[in-house]
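Commentary on secondary and tertiary structure
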Amino acid sequence: MTEPVLSVKNLVVEFPFRDDVFRAVDDVSFEIMPGEVVGVVGESGAGKSMTGAAVIGLIERPGHIAGGEIRLKGERIDNLPEDARAKLRGKRIGMVFQDPLTSLNPLYTVGRQLVETIRAHLPLSEAEARRKAIDLLVEAGIPKAAERIDSYPHQFSGGMRQRVVIALAIAAEPELIIADEPTSALDVSVQAQIIKVLKKLCASHGAAIMLITHDMGVIAQTADRMIVMHHGKIVETGTVGDIIRRPREPYTIKLIDSIPTISRTGETIAPEAANDDRAFVEIRDLVRDFELGRSAFTRLLPGKVEIFRAVNEVSFSIAKGKTFGLVGESGSGKSTCAKMIVGLLRPTSGSIHVDGHDVWAGAHGLRERRRRVQMIFQDPYASLNPRWRVADIVAEPMKTLGIARNRTEVQDRVADLLTKVRLEPGAMKKFPHEFSGGQRQRIAIARALSSQPEFIVCDEPTSALDVSVQAQVLDLMSALQEEFGLTYLLISHNLAVVRQMSSAVGVLHNGVLVESGPVDAIFDNPQADYTKMLLDAVPDISKVA
Amino acid sequence: MLAFILRRLGQSVLVMLVVAFIAFMVFRYVGDPVVSMVGQDATTGDIEQLRTRLGLNDPFYVQFVRFVGNALQGQFGISYRLQQPVSQLILERLPATIELAFASALIALVFGVVLGIYTALKPRSFSSAVIMTISLVGVSLPTFLIGIGLIYLFAVELKVLPSFGRGQVVQLGWWRTGLLTESGWRSLILPAITLSLFQLTLIMRLVRAEMLEVMRTDYIRFARARGLSQRAINFGHALRNTLVPVITIAGLQLGSVIAFAIITETVFQWPGVGSLFVNSVQVVDVPVMAAYLVFVALVFVVINLIVDILYFIVDPRLRDGARTGR
């Protein structure tokens, strides 16, 4: 019987407030064996990150461990003084954070940050530490590591930076790595590589991993055992296969059911008869160029202009009342397309027609577009004005467009819209910060519906939301589509969401539409290599053996 | 990097030309320079002759080119009031102003940055609260009041420091310095503190705010998780990331300390360019005012150029940004 690397018993983390105490982690116990990968899954606020922070000793004030014990290789660590705990960090417990773009100090080279970390823990000279740093980068899969070691973080892509972060976390050969959402900020294809690197490195260095994520698919592909957390408590633990195939607790069942999957399981949307064939939204040869390297000053001077073509001759059409999914990785031009279609960015060439009207046709096109076309943004925290009440936010489009003028009429319509998006009409008196992420996205949807549009562009509408909330919002969107006959352009990097919602799909890669067609045809029988690669890379719970 | 500096230099020249143009307009059209030069009993013929001799009848652009040409050689004409070349007047008084400005900037920077870091790292401690409260007083009290208060306390009541002037000075070439004598140093203390107080509190509050912001970032959390020492995190990682906005503000403040130390110089009768400017405004000494305008612009342009170059040294992202144009 080997000793567990990490053993947590009855852990309680509390945040005292003025007149209340909030228990972020409530009586949590688990063990991690050497070399084991344990996934901790749960929705935001479930206490999973807080558990990780408690183990490594980085709980933000005023939070503190209020009870229980944490043992590392049998040795109790939660009651050590701060400087003794600091010595454990990096040396015996490493950590990988979610966002590789912000985890590295932008002002120092990658090499300097590695050497600094290595020398903080190991008795090596500068030159030896540098050699070890290069070895680590090679192991983490960074090509030409010896040359790139003196580059700054911003000179690496997101995936490469996360490799650097992993190299940093394992630099001093810790026994335990806590990976807090290590791939959530990355594209699917990169995500798969990073999971591979993390697993490989931990296996070769004999480190155990505590993998914290909201993405059940990642855990399904990576972890040996998993822990499901909800409201600070452990709901269920067991092997990954057991829990996914035979969840016992109602919460786990609900969680697993709400995950959209790229393989079609439920009822299929029957292919429409060709009677409503007329394209409602028609996009033809859309092109957008961005000029590089020109400041306002140098623009005055003649010279060659470097052009970056973000969107390259993209054409597709959407039938009325249908949803077209646009998928692609970051930088593929999805959002640029969306901005041009809603009229926020002028296309370099090409045309966009909504119900026969050119949205870029002068003042008339502008007015038509404003009413007919609306948009829902990704981040429900940033897309609502925090100083406005919900009533004003939802009423603004109808006031601006003159749909409803007198006070009571506006109020009635707002109340009606809020009911439509399953919110209490009383919500209109409140401010956005009083709502959860999912509720805010409902407000954003109500705002989009306020001008009675026919076409809504949804740019990653659920990417910032938890899976169960995502499922609710997607359900709402489908219901509203049926009720109002809305047409959606759904932009997402989440292939499963697109599969669930869309009738047709387009795959965008480096600004080019590599493939488009009915959703089932593309997902079940992809033609383009890029689409195949994208589909293969998706971590999916149905892939659990 | 070189291309960037050249481009900024080009912009600086443009700015200086615009300022020179304004200075020229002031010089040429605020009052009639000839009338101010000749005596009351000059005849119309005399005036006309002087006009031609001074080139005032030449076309506008010829006069402007001549003005810029002269300015480049440091000639801004002769002060109406003191009947001396303006450039010589400014040069004579410049050392006093620069010594005062740099002394106060140094005080402001050293104490501002140190106190800013301290209050940011120990935001809940009692001493931080005391420092923050006192700093509020520093921002809200007007400069002249602080100056007078200091004079009253140290010169009148305690009689330990002089209340006005520069003390004994030593001539080093054309630079007349007060830094080599004891009385010079003693005279510098009060005005330098007076001038620095406002900048000090500003820099301190800025450093504190920036530092608190940086301490919350992911890379500081990650640096902790990597097990770096507290010192390496605070001074190696956090401090340097707070520097960019601090450099901007400190640079601009140094500029305004040099250019607009007028109140402090007046209160302490400090013989610098600020008091020269005030005296010139009172008697509408246009050449001095025009030259002063150009001088102030030059100070700001040079400081901004240095600040921009410092950005490049501090932040590697900008080095690449200039190359790819982002």
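Please read these numbers as outputs of a predicted model, since none were measured by experiment.

Calculation rules
Residues numbered from 1 in each chain as written. Chains lettered and ligands numbered in written order. Predicted model: local features only at pLDDT ≥ 70, side-chain atom pairs only at ≥ 80, totals over all residues. Helix = DSSP H or I, 4+ residues; strand = E, 2+ residues; numbered from the N terminus. Buried ≥ 20, exposed ≤ 12 C-beta atoms within 10 Å, placed from the backbone. Contact = placed C-beta atoms within 7 Å. UniProt positions renumbered as here; feature names shortened; annotations may be inferred. Pairing = 2+ DSSP bridges. Axes fitted to C-alpha atoms, helices over the stretch in contact; angles between N-to-C directions. Parallel < 35°, antiparallel > 145°, perpendicular 65-115°, else oblique. Left-handed = near helix turned anticlockwise from the far one by under 90°. Domains from an automatic or database assignment. Core = buried A, V, L, I, M, F, W, Y, C linked by C-beta atoms within 7 Å. Nonpolar A, V, L, I, M, F, W, Y, C, P; charged D, E, K, R; others polar.

Below, the discussion takes up the overall build of chain B. Looking only at helices and strands, chain B has 14 helices and two strands in total. Taking all 326 residues of chain B together, the buried fraction comes to 33%. When contacts within chain B are restricted to residue pairs at least 6 apart in sequence, those whose partners lie at least 24 apart make up 73%.

UniProt annotation of "domain: ABC transporter" (unreviewed entry) refers to residues 6-256 and 281-535 of chain A when read in the numbering used here. Within residues 6-256 of chain A, the helical portion is 40% and the strand portion 27%, while the C-alpha atoms at the span's ends are 27 Å from each other.

Okay, the sheet that holds strand S3 (residues 37-41) of chain A next. All names here are of chain A. Read across the open sheet, the six strands follow the order S6-S7-S8-S3-S9-S10; overall the sheet is mixed. Each having just a single partner strand, strand S6 (93-96) and strand S10 (233-239) make up the two edges of the open sheet. Ignoring strand direction, the axes of neighbouring strands in this sheet form an average angle of 15°. Contacts between helix H7 (residues 158-169) and the sheet are confined to S6 and strand S7 (176-180), with S6 contributing the most and set at about 170° to the helix.

Moving on to the pairing of S6(A). Residues and elements named next belong to chain A. Residues Ile-93 and Met-95 of S6 are buried on one face, and the alternating residues Gly-94 and Val-96, pointing to the opposite face, are buried as well. Taken together, the four bridges between S6 and S7 define a ladder with parallel strand orientation. When the bridges of S7 are listed, Gly-94 appears paired with Ile-177.

As a further point, take the packing of helix H1 (residues 2-29) of chain B against helix H4 (residues 60-72) of chain B. Residues and elements named next belong to chain B. At a closest axis distance of 10 Å, the pairing of H1 and H4 adopts a crossing angle of 110°. With respect to H4, the element H1 is oriented roughly perpendicular. Considering only the axes of H1 and H4, their crossing is right-handed. Of the residues in H4, those touching H1 at Ala-20, Phe-21, Phe-24 and Arg-28 are Gln-63, Phe-64, Phe-67, Val-68 and Ala-71.

Residues and elements named next belong to chain B. Per the UniProt record, "transmembrane region" (unreviewed entry) is found at residues 12-30, 100-121, 133-155, 188-207, 243-270 and 290-314. A distance of 27 Å separates the end C-alpha atoms of residues 188-207, which is 100% helix and 0% strand. For residues 290-314, helix accounts for 100% and strand for 0%, while the C-alpha atoms at its two ends are 36 Å apart.

Moving on, we get to unusual backbone geometry. Despite not being glycine, A:His231 shows a phi value in the positive range, around 50°. In this structure, A:His231 sits in the loop between strand S9 (225-230) and S10.

All names here are of chain A. Partitioning chain A into structural domains gives domain 1 (6-257) and domain 2 (274-355 + 454-543). With centres defined by C-alpha atoms, the gap from domain 1 to domain 2 works out at 33 Å. On the domain 2 side, the residues contacting the 18 residues of domain 1 number 14 residues. Elements with a contribution of two residues or more to the side of domain 1 that touches domain 2: helix H8 (188-205), helix H9 (216-222) and helix H11 (250-257). The leading source of residues in the side of domain 1 that touches domain 2 is H9, at five residues.

So, on to the nonpolar core. General note: in soluble globular proteins, nonpolar side chains tend to be found buried as a group. Grouped together as the largest cluster of nonpolar side chains are 227 residues, with contacts concentrated most on A:Ile166, A:Ala167, A:Leu176, A:Ile177, A:Ile209, A:Leu211 and A:Leu489. If we ignore the near neighbours within four places in the chain, the residues touching A:Leu211 are A:Val37, A:Val38, A:Gly39, A:Val40, A:Ala179, A:Ile219, A:Thr222 and A:Ala223.

It is worth spelling out the sheet that holds strand S19 (residues 504-509) of chain A at this point. In any sheet, the strands associate via hydrogen bonds between backbone groups, in a parallel or an antiparallel arrangement. Residues and elements named next belong to chain A. Pairing within the open sheet is mixed, and its six strands lie in the order S16-S17-S18-S13-S19-S20. Both edges of this open sheet fall to strand S16 (373-376) and strand S20 (512-518), since each of them pairs with a single strand only. The sheet shows a mean angle of 15° between the axes of neighbouring strands, direction not considered. With five bridges joining them, strand S13 (residues 323-327) and strand S18 (residues 487-492) adopt parallel strand pairing. Looking at the pairing, Val-327 lines up with Ser-492 of S18. Of the strands in this sheet, S13, S16, strand S17 (455-459), S18 and S19 touch helix H12 (residues 334-342), which is tilted by about 155° from S17.

Moving on, we come to the environment of A:Glu36. All names here are of chain A. The residue Glu-36 is located in the loop between strand S2 (21-32) and S3 in this model. The spatial distance from the C-alpha of Glu-36 to the C-alpha of Ala-207 is 7.7 Å, given a sequence separation of 171 residues. Setting aside residues up to four positions removed in sequence, Glu-36 forms contacts with Ala-208, Asp-224 and Arg-225.

This part takes up the domain arrangement of chain B. It is common to report an interface's size as the accessible area lost on association of the parts. Entries for chain B in the domain assignment read domain 1 (2-72) and domain 2 (89-282). Relative placement of domain 1 of chain B and domain 2 of chain B: their C-alpha centres are 37 Å apart.

In this complex, chain A contributes 28 residues to the contact, which on the side of chain B involves 25 residues. Counting only elements with at least two residues in the side of chain A that touches chain B, the list comes to helix H2 (82-88), helix H3 (100-103) and helix H4 (110-121) of chain A. Classifying every residue of the side of chain A that touches chain B by side-chain character gives 13 nonpolar, nine polar and six charged.

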